[in-house]
Amino acid sequence: TSGTLLTYPEIARRAFGPYAFLISGGIAAMQFGVCLTYLIFVPQNLYTLIQNVFGVIVPKQLILMGMLLIEIPLCWIRDIRKLTTTNILATIFIAFGLISVLYIALYDSLNPNPTGTGTTGDFGGDFGNMTTSAVLVEEVEHLPPIMNTWFLFIGTSFFCFEGSITLLVPLQEAVYKPKDRQRFTQVNRKVTSSIVMFYMIFATICWASFGNNVQTALTASLPQGTLSTLVQFAYSVAVIFTFPLQAFPALEVVCNTTSTKIGGRSRQRQQKSKLNDQQKQDLLIIKRNITASAIICFLGFIAVMATDYLGNVVSLLGSLVGIPIALVYPPLMHNKLVKDSTVWTKSMNVMLSVIGFCAAGAASFTTISSWNEGAEG
């Protein structure tokens, strides 16, 4: 009714008023967390690539510094439309990577021994004279029922859908026809279910193919070969190109908050200021670039400390930030905004929020207390 675009932060503002900044900050923290995982993933990926191709060991910290030198200037871009080209290229590279990984998993790692002498998989099966599909079934049957780091899955599952959680409302609002908008829930349910099914099939095939010691950065677990090298390179480039787009909304939240405070001071001195509008604009741009650079460098510092704990970082972000965004805040916002809800509905909303809060605390505590169990590298 007010003409304001209905987004997750806007709904939070209407429900909680001035306290909504905590939720906006949580969403920004989630986006920065995604950027942090990128800063861990790319050095791991390129470290393996360089070692396999050139036989040279380049420290991950050095690769990370090179990545920061690329990302910092890209994060200075204030017009998101300028990131369209790099985002399209990243999408193409990711699609190529997914298809190639499935090909390697199905027709390389699980390819039966052509000599017929028999091969032994990572889980101890004898796969001589078997078809690829039979080998896959045999490998899946030999998968261990549960791993000692199973708890990481809780936060990771919420981290996987961090984007869809906050974009669901604006996507529905963007549907033009009212009839199509009514069908949005059903379509979204089918799309999400399809994505979950793809995740399950993809993960099972890769786990069965690459063995029980598969790393969180899957590309680092690929067998050596030309196609594997291309996949590692493509994914690294894709993540580097995607980084500015992921950081953009979080940087806007931080910079807008900072500029608001700066603006409050400048209005008091508006009459005394001799700077023209262009100079003021240039000063704000410089301040934004400095803020963005400082944040990216800080994320880089954390990435150095957590370079061998990608799975833990993903799980902790999903537990500490993702679960509240998905399970805690929405029911409370519904109770605040929908005044004619029944007592049963309000009670169920409160119960869901309590369950989400407990799940976030338990998953975060478990991940932190067992941090070393998820170490890789």
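Here the structure is a predicted model, which means the values were calculated and not measured.

Student: An account of the overall build of the protein chain is requested, with residue identities and associated values reported.
Tutor: Along its length, the protein chain carries 13 helices and zero strands. Secondary structure elements of the protein chain occur, N-terminal to C-terminal, as α-α-α-α-α-α-α-α-α-α-α-α-α.

Student: I'd like a rundown of the confidence of the model for the protein chain, residues and numbers included.
Tutor: Per-residue pLDDT for the protein chain averages 82, and the proportion of residues at 70 or more is 82%. For the protein chain, helix H5 (residues 132-141) is the element with the lowest average pLDDT, namely 65, and helix H3 (residues 60-74) is the one with the highest, namely 94. Note on residues 260-268: pLDDT under 50 across the span, and one contact to partners over four residues away in sequence or across chains.

Student: Residues and numbers for the packing of aromatic side chains, please.
Tutor: Applying the stated criterion to the full structure yields five aromatic pairs. Each ring, one from Phe-41 and one from Tyr-235, has its centre 6.4 Å from the other, and the planes form 75°; the classification is edge-to-face. One end of the pair, Phe-41, is in helix H2 (residues 21-54); the other, Tyr-235, is in helix H10 (residues 226-268), with 194 residues separating them in the sequence. The residues Phe-41 and Tyr-235 share a single accessibility class, namely buried. Residue placement shows Lys-60 over the ring face of Tyr-47; its charged tip is 5.2 Å from the ring centre.

Student: Describe the environment of Met-333, listing the residues and the values that go with them.
Tutor: Along the chain, the position of Met-333 falls in helix H12 (residues 310-337). According to the relative accessible area criterion, Met-333 is buried, its value standing at 6%. Spatially, the C-alpha atom of Met-333 lies 6.6 Å from that of Ala-12, the residues being 321 residues apart in sequence. In this structure Met-333 touches Tyr-8, Ile-11, Ala-12, Ala-15 and Phe-16, once residues within four positions along its chain are discounted.

Student: So what's going on with the side chain of Ser-315? Residues and values would help.
Tutor: Structurally, Ser-315 is set in helix H12. A distance of 3.3 Å separates a polar atom in the side chain of Ser-315 from a polar atom in the side chain of Thr-367. Not counting chain neighbours up to four residues away, the residues in contact with Ser-315 comprise Phe-151, Leu-152, Gly-155, Thr-156 and Thr-367.

The rules behind each value
- Starting afresh in each chain, residues are numbered from 1 along the sequence in its written order.
- This being a predicted model, a pLDDT of at least 70 is required before a residue's local features are given, and a value of 80 or more before pairs of side-chain atoms are given or counted; all residues contribute to the totals for chains, interfaces and linings.
- To get the side-chain values, all heavy atoms of the structure are used, and hydrogens and water are removed first.
- Only DSSP runs of H or I with at least four residues qualify as helices, and only runs of E with at least two residues qualify as strands; both kinds are numbered from the N terminus onward.
- Residue-level confidence of the predictor is summarised by pLDDT, bounded by 0 at the bottom and 100 at the top.
- Contacts are assigned to residue pairs that have any heavy atoms within 4.5 Å of one another.
- For Phe, Tyr and Trp, rings pair up if their centres lie within 6.5 Å, where Trp contributes its six-membered ring, and each pair is then called stacked (planes under 30 degrees apart), edge-to-face (over 60) or tilted (otherwise).
- Buried, partly exposed and exposed residues are distinguished by accessible area as a fraction of the type maximum, computed with a 1.4 Å probe on protein chains only: under 20%, between the cut-offs, and over 50%, respectively.
- Criterion for a charge above a ring: Arg CZ or Lys NZ at most 6 Å from the ring centre, at most 35 degrees from the ring normal.
- The definition of a polar contact used here is a pair of N or O atoms within 3.5 Å, where within protein one atom must be able to donate a hydrogen and the other to accept one, and adjacent residues in sequence count solely through side-chain atom pairs.

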